[in-house]
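Architecture at a glance
Residues per chain, in single letters:
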Amino acid sequence: MLARRSSSPRIAASAMEQTELKNKDEEYVKMLKQQSTDITGLIKGMRDQYHMLRQNYEKQLEDIEGAFEKERSDLMRKNKDEIDELFERRRQMEETEFLERRQERERDFQQQIEDLRTHNADDYNKCKIALEKGIQELEQHLEKMNSTYTLNKEKLEYNLQVLSERNKEHTAIQSSYKNRLNKLRETLNNLMTRYQTLDAKYKSENINLTEEYKRLTKQFKDLQEKCHHFEQADEKKFREVWEMNEEEVRVLRDKVLKADRLLHEQQLGHEWIQPKQEQLDAELETFSESGTTTGKSTAIESAEMGQSVSGKFTSTKVKKVLDLVKEETQFLLDIKVREQIQGLPAEQKDVVQIDAILRYINVESQEDVDLLVTTFYNGQDEDDEALMVEADDVLNLLKEFIQEKENQRSADVVPDKKKKARTQQLGSESEAEKKARVRREERKFWEKKGHVIPDMNFRVWRALDVALRRYYSLLQVRSKAIDSAVNMQKQNEELKQLLDQYLGSKVNEELQVPPTHVIRVVGGAS
């Protein structure tokens, strides 16, 4: 009986603890449900605020558009009223003021005509009197001139006698001049002998100098060919580097346009307007007219330059053209050249004549020689060596050559039409100015490639960046709230596991009233 009394308080205490633990579990479950409900309500409130803000913005936009439409209609009605008023005022002026002014001008013109008639009649009378007076003065002048002519006749007879005396004196002087002329002829013979001696000496020197000139000319041509070869090699390397950089720019441009399209379509939800592909490619293809275009005109120009160094026509064609020009343009040779070629061998004489004639028609390089031969062989086959040109047509062909060279001087003839038009506008410029212009255009070209996206899109990007930063901060706050909820769930799970460990421990079997028994009792009672 005593043992039962002592165990009953323990059972009651265990029951109270079990009840309190159960209440705590229920409160904890309710708190979790309440937190889940709060988070759901918070998300719903955020969505409602977003939709409400969007509706307010759409309403404000519609109000602004309506205000603009109203202001436009008011302005159009006001302008129409002003135009109608101006037309009405013009009609009234045409009916009243313009008609009165015209009648007044007609009256003034009639009065001016009458005044002119009166004035012209007076001028006619005055002119008639003046002319009659002039006739009288001319008659008096005639009488005076007759007397003057008579006096001049007597003076001329006197002068004739004086001239006869002088003629006798001049005859004596002429005989003395003849003696002096004989002495001068002897002096001239001596000078001619000395001239012939010096001429033979200078001719030998001229032959030596001609040989030296030919040798230097050959060396210069060899050096020029090497120079053109290195220029072509440098130009080829430059074009390879240029094309590599250009391809890299194209790839970067495509990446930037793709990023712009993704931002407009995915982030902003707007329609993306793609730049015209033809315009972008044209900016890359048409850059510089001085040989720095994208790998096309420069290669053609370098190939033509390398071909023109050695000449694109055979020596037979060139010789026929030069011989024909030499025969039909002998009149161009001046006295100095004619004196220089006297006494020279036939070959040297031809060289001097052709050099002088080419200098007169402004042939300065191998390109000019090729252009001259092209002009004379125009219309003939390339394999035809015969020159089908009449002697009478030589001067006309030379005029065509000079005109064509002037055209080439103002514009380089290349396949690119944009390059040709640009070169015609530039005209003649020095080599240093040309290089500086090319560098400026290259720098401008690469700067232009760095501005594929318009400034308006950059402003949109910046606004989008600000909005995304705000949205990111909001997501971070939400992430922290979700992490705290997840941590609380983890703590709840840990508490459950700990409670299960306590209830399943072997120590509870040693107790007189195990916790599991109390839980079963409380559960049965409930």
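The rules behind the values
Residues numbered from 1 in each chain as written. Predicted model: local features only at pLDDT ≥ 70, side-chain atom pairs only at ≥ 80, totals over all residues. Heavy atoms only, no water. Helix = DSSP H or I, 4+ residues; strand = E, 2+ residues; numbered from the N terminus. Contact = heavy atoms within 4.5 Å. Areas by Shrake-Rupley, 256 points an atom, 1.4 Å probe, with all protein chains shown as cover. Patch = residues over 30% accessible without salt bridge, like charges linked within 9 Å, V, L, I, M, F, W, Y side chains within 5 Å. Salt bridge = Lys/Arg side-chain N within 4 Å of Asp/Glu carboxyl O. Lys, Arg positive; Asp, Glu negative; His and termini not counted. Charge placed at Lys NZ, Arg CZ, Asp CG, Glu CD. Buried < 20%, exposed > 50% of the residue type's maximum accessible area, 1.4 Å probe, protein only. Phe/Tyr/Trp six-rings, centres within 6.5 Å; stacked < 30°, edge-to-face > 60°. Lys NZ or Arg CZ within 6 Å of the ring centre and 35° of its normal. Polar contact = N/O pair within 3.5 Å; in protein donor to acceptor, adjacent residues only side chain to side chain. Axes fitted to C-alpha atoms, helices over the stretch in contact; angles between N-to-C directions. Parallel < 35°, antiparallel > 145°, perpendicular 65-115°, else oblique. Left-handed = near helix turned anticlockwise from the far one by under 90°. Nonpolar A, V, L, I, M, F, W, Y, C, P; charged D, E, K, R; others polar. Core = buried A, V, L, I, M, F, W, Y, C linked by side-chain atoms within 4.5 Å.

Concerning the overall build of the protein
When you go through the protein residue by residue, the secondary structure sums to 14 helices and zero strands. Mapped from its N terminus to its C terminus, the protein presents α and β elements in the order α-α-α-α-α-α-α-α-α-α-α-α-α-α. Partitioning the intrachain contacts of the protein with sequence separation of at least 6 by distance along the chain shows that 74% fall at a separation of at least 24. Accessible surface, the protein: about 42500 Å² in total, of which carbon and sulfur atoms supply 54%.

Describing a negative patch on the surface
A cluster of acidic residues, Glu62, Asp63, Glu65 and Glu69, forms a negative patch on the protein surface. Residue position: Glu62 is located in helix 1 (residues 2-95). The class of Glu62 is exposed, set by a relative accessible area of 56%.

A look at the packing of aromatic side chains
Applying the stated rule across the entire model yields one aromatic pair. Residues Phe238 and Trp242 carry aromatic rings whose centres are separated by 5.8 Å and whose planes lie at 45° to one another, so their mutual orientation is tilted. With Phe238 and Trp242 both in helix 2 (residues 97-268) and four residues apart, this pair spans about one turn of that helix. For Phe238, a relative accessible area of 32% corresponds to the partly exposed category. When the ring centre of Tyr360 is taken as reference, the NZ or CZ atom of Arg359 above it lies at 5.8 Å.

Description of the side chain of Asp260
With respect to the secondary-structure elements, Asp260 resides in helix 2. Residue Asp260 is classed as buried on the basis of its relative accessible area, which comes to 1%. Reaching out from Asp260, the side chain makes a polar contact with the side chain of Trp461 at a distance of 3.0 Å. Once residues within four sequence positions are removed from consideration, Asp260 is found in contact with Trp272, Ile453, Asn457 and Trp461.

Considering the packing of helix 2 against helix 12 (residues 455-503)
Where helix 2 meets helix 12, the axes come as close as 12 Å, and the angle between the chain directions of the two elements is 50°. Of the possible angle classes, the one that applies to helix 2 and helix 12 is oblique. Helix-helix and strand crossings are classified by hand; for helix 2 and helix 12 the assignment is left-handed. For the pair helix 2 and helix 12, the contacting residues are Val256, Asp260, Leu263, His264, Gln267 and Leu268 in the first and Asn457, Val460, Trp461, Leu464 and Leu468 in the second. Classifying every residue of the contact of helix 2 with helix 12 by side-chain character gives seven nonpolar, three polar and one charged.

Remarks on the packing of helix 5 (residues 315-328) against helix 8 (residues 366-376)
Two quantities define a packed helix pair, namely the angle between the helix axes and the distance between the axes. Helix 8 packs onto helix 5 with a crossing angle of 80° between their chain directions and a minimal axis gap of 10 Å. As summarised for this structure, helix 5 and helix 8 are arranged roughly perpendicular, according to the angle between their axes. Between helix 5 and helix 8, the contacting residues are Lys317, Val318, Val321, Leu322, Leu324 and Val325 on the first element and Val369, Leu372, Val373 and Phe376 on the second. In terms of residue class, the contact of helix 5 with helix 8 is built from nine nonpolar, no polar and one charged.

Quick notes on the nonpolar core
Judged by nonpolar contacts, the single largest core of 28 residues is most densely connected at Val321, Leu358, Leu372, Phe376, Leu387 and Leu398. The contacts of Val321, once residues within four sequence positions are left out, are Leu372, Val373, Phe376, Tyr377 and Leu387.

Concerning a nonpolar patch on the surface
Taken together, the side chains of Phe331, Leu332, Tyr360 and Leu395 make up a nonpolar region of the molecular surface, amounting to roughly 360 Å² of accessible area. Note on placement: Tyr360 falls in helix 7 (residues 346-360).

Remarks on the pattern of salt bridges
Under the criterion given, the structure shown has 13 salt bridges. The partner of Glu85 in a salt bridge is Arg89, with the nearest N and O atoms 3.6 Å apart. Here Glu85 and its partner Arg89 are both found in helix 1, four residues apart, which amounts to about one turn of the helix. Under the relative-accessibility criterion, Glu85 is labelled partly exposed at 48%. One salt bridge in this structure joins Lys405 and Asp368, with 3.0 Å as the shortest N-O distance. Placement of Lys405 in helix 9 (residues 394-410) and of Asp368 in helix 8 is noted, with a sequence separation of 37 residues between them. In this structure, Lys405 and Asp368 share a single accessibility class: buried. One network of salt bridges, with partners in common, ties together Lys326, Glu327 and Asp350.

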